[in-house]
Amino acid sequence: MKSGFEIEPFADFRSWSIASRQQGLSRRDFLRGALGAGAASLALKPKRLFAATADTSRKTIIVTFGGGARDAETFSVEGQRNIPHMMQELAPQGMFFSQVVNRGILGHYVATSSIASGCYETFDNFVAEGPANPTLFEYYRRGLQRPAKDVWVIAPSNGFEAIGNSSHAAYGKKYGAQVILPKRLLTYAAAANNHTLRDYNALLHDSYESPYHSDDAAQDAAAGKIESEEIAKTLKLSLDEFTAHSRTLSSPDELSLFITRQVMREVAPSLLFITLHDIDVAHSGAYSLYLDAIQRADRLCAELWQEVEANPEYKDRTTVMIMPDFGRDADGEGNGFQHHRTGSPMARTTWMLALGKGTRPGTIVSRPIESIDLTPTVASLYGFDTPFSTGRPITELL
């Protein structure tokens, strides 16, 4: 079932494909100029399709970048001021893929689930159900016989609560990831400390466009009480300290990074999937808030990389992959920066930055890849199979 607002995506596939490639080449040329003489395009030189043996020391962190931003506010001459960390710190150290295509439904939950499963999922974006196809988390745990504590998902809203595992009969919950909903955890902590939820309004807003998901924080706290107690215990998280620190934060994405750091320091999972979402505030129509969210996502990605470099469990062992779930409409398409509803090349063509273990710093890959290629790529790095994925391994990372 479609999510209800996308147009038919491929009414004119040929012209769409040409425009998508032009967008990717534009990003490539911009990055080459911005990074200087050290930047180079990478010829396709595949090493292998699967690792010979499972690499149990490797760690992988996947980040979806904030809810979709246009090139006009990011990878362009005018936009680079909003992503100084990406431009000056991260891109020079990593591999930039300038043309990542999303051929699926442009709704945040279904698109993120598609990245996780390696298939274009087709369920209703506004229904909290798991993907039909097995996820990366299930493939990883079943293929390598890993425990639940080794795979964690930090989700941006309560509508993502089912992303940790699929409904597939051969996989499912017994192989799923640990899912943390930071807003639900904060709601529980506030209630446990008899705090008014109004003190945390800026952190608890759950969706910028959903017509269905409830914003009843008290209901969410009740639903997640046992789950939240277990998470707090696992992360050695003092509810008093958590609520006090939360008051110093300005957005849900900052809350997600705080929880991510706690997971890395206390549990050190090998596979971590983080979804930032603040940029979707663009649906409010406030351009200044949209820019603030881009700048914040840029900063938080840099802070996450700093944590990787400083944490002995992750340093020199980790590949970080940063990729939007999809983009947004361009000027003259639909509603411009505000939405992502037209199915246009700008909304469907994004990018990926890969840092750390196994990457080639300062390189740019301009050939088209797809967002669903990420799951089989990670599987190839670890040496397990993804039999139901329709994506292909990204050979430049293998």
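Residues numbered from 1 in each chain as written. Predicted model: local features only at pLDDT ≥ 70, side-chain atom pairs only at ≥ 80, totals over all residues. Heavy atoms only, no water.

1. Here we look at the side chain of Arg141
Right, so step 1: Mapped onto the elements of the fold, Arg141 is located in helix α4 (residues 136-144).
Right, so step 2: A distance of 2.8 Å separates a polar atom in the side chain of Arg141 from the backbone oxygen of Gly176.
Right, so step 3: With near-sequence residues (within four places) excluded, Arg141 lies in contact with Arg146, Pro147, Ala148, Val151, Lys173, Lys174, Tyr175 and Gly176. (Helix = DSSP H or I, 4+ residues; strand = E, 2+ residues; numbered from the N terminus. Polar contact = N/O pair within 3.5 Å; in protein donor to acceptor, adjacent residues only side chain to side chain. Contact = heavy atoms within 4.5 Å.)

2. With respect to unusual backbone geometry
Right, so step 1: In this structure, Asn194 takes a positive phi of about 55° despite not being glycine.
Right, so step 2: Tracing the chain through its elements places Asn194 in the loop between α5 (182-192) and α6 (201-204).
Right, so step 3: Phi at Lys236 is positive, roughly 50°, even though this residue is not glycine.
Right, so step 4: With respect to the helices, strands and loops of the structure, Lys236 is situated in the loop between α8 (225-234) and α9 (239-246).
Right, so step 5: For Lys236, a relative accessible area of 65% gives the class exposed. (Buried < 20%, exposed > 50% of the residue type's maximum accessible area, 1.4 Å probe, protein only.)

3. As for the pattern of salt bridges
Any two side chains of opposite charge can pair, on the condition that their charged atoms come close.
Right, so step 1: Summed over the entire model, instances satisfying the criterion amount to 18 salt bridges.
Right, so step 2: Within this structure, Glu254, Arg261, Arg265, Arg299, Glu303 and Glu307 form a network of salt bridges that share partners. (Salt bridge = Lys/Arg side-chain N within 4 Å of Asp/Glu carboxyl O.)

4. Some words on the packing of helix α10 (residues 252-266) against helix α11 (residues 287-310)
Right, so step 1: The geometry of α10 relative to α11 is characterised by a closest axis approach of 11 Å and an angle of 10° between their N-to-C directions. If you check the angle between α10 and α11, you find them roughly parallel. For the pair α10 and α11, the contacting residues are Asp253, Glu254, Leu257, Thr260, Arg261, Met264 and Arg265 in the first and Arg296, Arg299, Leu300, Glu303, Leu304, Glu307 and Val308 in the second.
Right, so step 2: Among the residues forming the contact of α10 with α11, the class breakdown is five nonpolar, one polar and eight charged. (Axes fitted to C-alpha atoms, helices over the stretch in contact; angles between N-to-C directions. Parallel < 35°, antiparallel > 145°, perpendicular 65-115°, else oblique. Nonpolar A, V, L, I, M, F, W, Y, C, P; charged D, E, K, R; others polar.)

5. Some words on the pairing of strand β8 (residues 349-356)
Right, so step 1: Among the eight residues in β8, seven count as buried, and that is most of the element.
Right, so step 2: Two elements, strand β3 (residues 95-101) and β8, share five bridges in a ladder whose sense is antiparallel. The residue bridging Val100 from the neighbouring strand is Thr350, located in β8.
Right, so step 3: With four bridges joining them, strand β7 (residues 318-323) and β8 adopt antiparallel strand pairing. Each residue of the ladder has a partner; that of Ile322, found in β8, is Leu353. (Pairing = 2+ DSSP bridges.)

6. Looking at the packing of aromatic side chains
Right, so step 1: According to the stated counting rule, one finds 17 aromatic pairs in the structure shown.
Right, so step 2: Arranged with centres 5.3 Å apart and planes meeting at 65°, the rings of Phe65 and Trp351 form a pair that is edge-to-face. Taken together, the residues Phe65 in the loop between β2 (59-64) and α2 (84-90) and Trp351 in strand β8 connect sequence positions 286 residues apart. Of the two residues examined, Phe65 and Trp351, each falls in the buried class.
Right, so step 3: Every member of this aromatic cluster is reached through a ring pair, and the members are Phe65, Phe75, Phe96 and Trp351.
Right, so step 4: When the ring centre of Tyr314 is taken as reference, the NZ or CZ atom of Lys59 above it lies at 5.1 Å. (Phe/Tyr/Trp six-rings, centres within 6.5 Å; stacked < 30°, edge-to-face > 60°. Lys NZ or Arg CZ within 6 Å of the ring centre and 35° of its normal.)

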